[in-house]
Amino acid sequence: MKIFSLVVVIIQGQYAPTASVPDTTTGEFREVSCWHCDAVNMTQCDMIGEMKPCLGENDVCMIEVRKREGELEQICMGCKSRRACLDNKKQNARGRWRNHQCRPEPWWKKAPSVCRQCCNDSDNCARDFVLLNDGFGPFDQSEWNEDLLL
Ligand SMILES: *[C@@H]1O[C@H](CO)[C@@H](O)[C@H](O)[C@H]1NC(C)=O
Ligand SMILES: *[C@@H]1O[C@H](CO)[C@@H](O)[C@H](O)[C@H]1NC(C)=O
C-alpha cells in the first residue's frame, strides 16, 4: 500500500501540468490567444474557427493566405512558434521580385501566391489582418513583410 502511494506520487509529480507555471525566464504569466481556422475565405474562417490559447513555445499567431489566379484558395491561422512562423514568412520575399511567393496585389494572376505573417499584439491580430480588403488581407507586399511582433 505504501509503495503503491509512493508510485502514484512520483507519477503525479512527473506529469504535473506545467501550463500555469510562470515563465522562468521572465517570471511573468503571459498568455497569447489566436483565432484558429483553416478555411476557403474569411466568412468560413469566422464560422468554423475558434479562439484558442497558445501553449508553450507556440506563442505567436501565424497567418497564411493562398491565392491562385487572383482568387482566394485557402486561409489558415493559429498559434505557432515564433521561429517557425518567421522562417515561413521569409519565403514571402525571397529572390527576385518576380519570383516572390507572396504576391498580394489584386492584379497578380500569373502564378500562385502564398503570403505569411506573424503577429502577437492582440488575440484578434490574425483575423483583423486578413479582414482587410474584404478578407484578402493587405494588397501591399510591404505589409506582409512588416514586423508585427510587439
Ligand atoms: C466563402 O466560402 C463559402 C464556402 O465555400 C461560400 O459558400 C461563400 O459564398 C464564400 N463567401 C464569399 C464571400 O466568397
Ligand atoms: C510578442 O513578440 C515579441 C517579439 O518576439 C515579444 O518581445 C513580446 O513579448 C511578445 N508579446 C506578447 C504579448 O507575447
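Calculation criteria
- Residues numbered from 1 in each chain as written.
- Chains lettered and ligands numbered in written order.
- Predicted model: local features only at pLDDT ≥ 70, side-chain atom pairs only at ≥ 80, totals over all residues.
- Heavy atoms only, no water.
- Helix = DSSP H or I, 4+ residues; strand = E, 2+ residues; numbered from the N terminus.
- Buried < 20%, exposed > 50% of the residue type's maximum accessible area, 1.4 Å probe, protein only.
- Contact = heavy atoms within 4.5 Å.
- Areas by Shrake-Rupley, 256 points an atom, 1.4 Å probe, with all protein chains shown as cover.
- Near = heavy atom within 4 Å.
- Polar contact = N/O pair within 3.5 Å; in protein donor to acceptor, adjacent residues only side chain to side chain.

### Some words on the overall build of the chain
- For the chain, the count of helices and strands is six helices and five strands.
- N-terminal to C-terminal, the α/β element order of the chain is α-β-α-β-β-β-α-β-α-α-α.
- Burial analysis of the chain (150 residues in total) assigns 37% to the buried set.
- Expressed as a percentage of contacts within the chain between residues at least 6 apart in sequence, the contacts between residues at least 24 apart total 60%.
- When the accessible area of the chain is evaluated, it comes to approximately 9,700 Å², of which 53% is carbon and sulfur surface.

### Remarks on the site of ligand 1
- Around ligand 1, a shell composed of Val 40, Asn 41 and Thr 43 is seen.
- In this structure, Asn 41 approaches ligand 1 through a side-chain N or O atom, which is 2.3 Å from an oxygen atom.
- Taking 360 Å² as the accessible area of ligand 1 by itself, protein coverage stands at 30%.

Shape descriptors only; they carry no functional weight alone.
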